[in-house]
Amino acid sequence: MPLRLVGGLHARVLAGADPDLAAVFAGRTQGAAAIAAAVDGAVRRHDAALLPWLDGPPQTNEPGRSAALMLGLLAVARRYGPTLEVLEIGSSAGLNLLIDRYRIDLGGTVVGPADARVTIVPDWRGPPPEPAPVAIASVRGCDVNPMDATDPAVEARLAAFIWAEAPERLERVRRAIAMLRAAPVDLVRADAADWVEARLAEPQAAGTTRVLMHSVVWQYLPAPVAERIRAAMQAAGARATAERPLAWVTMEPDRSLGHQVIRMQGWPGAPGWQVLGTAHAHAAWIDSRVPDAADAGIALPEGARVSV
């Protein structure tokens, strides 16, 4: 609820509707009492405009996560070859479906078009990944409630949940939305399990690796939906061949470690997940040094774990 309120307040600032509140967000207002007075005044002045922000959860569709996902796609390309057919669940507004149009710098290993309108350069920690050619033949996505980022109201909502201390993220999101306006992505409304099952049943071109990817999504899936996706991937993996491989790339939270873990698994090949690194929730930094298996992090109850 506090994040919903702050998103609403930030929206008023971005709309130029409250100079006193803008001073708070810009860091010009100092002292707890002065900040509290400015926020209190803004809540009173904009009560009607702020109330709708309390009705729904914060919304983040972060293009920076494409860098973490690209680390996984590079691993897939090194194992099976460059040509990839990418499928994303939980695509939200579809900004990570632009992954083939971004230029992404992973510690000096660069992937993507040189003339890209958005270049993503996370703070890199550890050795850079081994380069490999990546040729993304197609990118498709689904979401149970997709957002049209080209709608000015949706763009304003996405911008409001990018906090004021990260202006570079705001600029990147706006550039990514401009890319969507220039050429839309293939994003549909669908249940994730229904969609994955249908996509896996489609014919697959020889020499192309089919890749399921997602970031910060798994924790929101109902358990039966998650289980159906696991079962569908295992079944499709059992049918995969060297000519038509299958891979799974994820960036999902490990709450015991307090950050995201980037993983990949593929069929045919060694079973199980390969950990490629860890990342900040928005992939502001990526660390390719794999955590020590002996470091179990914080002991969590089973219900708090996120297990793909």
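As the structure is a computational prediction, the values presented were derived from the model and not from experiment.

Caption draft 1: Examining the sheet that holds strand β12 (residues 285-287) more closely. Across the sheet, which stays open at both edges, the 9 strands sit in the order β5-β12-β11-β10-β9-β8-β1-β6-β7 with mixed pairing between neighbours. Sheet topology places β5 (123-125) and β7 (186-189) at the edges, where each strand pairs with a single neighbour. Adjacent strand axes in the sheet meet at a mean angle of 20°, parallel and antiparallel pairs treated alike. Looking at chain direction, strand β10 (residues 259-267) and strand β11 (residues 274-279) are connected through 5 bridges and run antiparallel. When the sheet's bridge partners are listed, valine 261 is paired in β11 with threonine 278. Helix-sheet contacts for helix α8 (residues 192-200) involve β1 (83-89), β6 (135-143), β7, β8 (209-215) and β9 (246-254), and the interaxial angle to β1 is about 160°. Contacting β1, β8, β9 and β10, helix α9 (residues 223-239) runs over the sheet at an angle of about 150° to β9.

Caption draft 2: Representation of the nonpolar core in the model. Leu73, Ile99, Tyr102, Leu106 and Ile286 are the most contacted members of the largest nonpolar core, which has 52 residues in total. At 11 residues, helix α5 (residues 65-80) tops the list of elements feeding residues into this core. In this structure, isoleucine 286 is in contact with Ala67, Ala68, Leu71, Leu106, Pro122, Asp123, Trp124, Arg125, Ile262, Thr278 and Ala279, ignoring residues within four places of it in sequence. Membership of the second largest hydrophobic core comes to 25 residues, among which are Leu221, Ala236, Trp248 and Val308.

Caption draft 3: Highlighting the pairing of β9. Among the 9 residues in β9, 9 count as buried, and that is most of the element. As a crossover connection, the stretch from β8 through α9 into β9 is right-handed. Taken together, the 9 bridges between β9 and β10 define a ladder with antiparallel strand orientation. Each residue of the ladder has a partner; that of tryptophan 248, found in β10, is glutamine 265.

Caption draft 4: Quick look at unusual backbone geometry. Note the cis peptide between tryptophan 267 and proline 268, where omega equals -5°. Among the secondary structure elements, proline 268 is positioned in the loop between β10 and β11. The phi dihedral of serine 92 is positive, around 60°, even though this residue is not glycine. For serine 92, the position within the fold is in the loop between β1 and β2 (103-106). We classify serine 92 as buried; its relative accessible area is 8%.

Quick notes on the rules
- Residues numbered from 1 in each chain as written.
- Predicted model: local features only at pLDDT ≥ 70, side-chain atom pairs only at ≥ 80, totals over all residues.
- Heavy atoms only, no water.
- Pairing = 2+ DSSP bridges.
- Helix = DSSP H or I, 4+ residues; strand = E, 2+ residues; numbered from the N terminus.
- Axes fitted to C-alpha atoms, helices over the stretch in contact; angles between N-to-C directions.
- Contact = heavy atoms within 4.5 Å.
- Core = buried A, V, L, I, M, F, W, Y, C linked by side-chain atoms within 4.5 Å.
- Buried < 20%, exposed > 50% of the residue type's maximum accessible area, 1.4 Å probe, protein only.
- Right-handed = clockwise from strand over helix to strand, strands pointing away.

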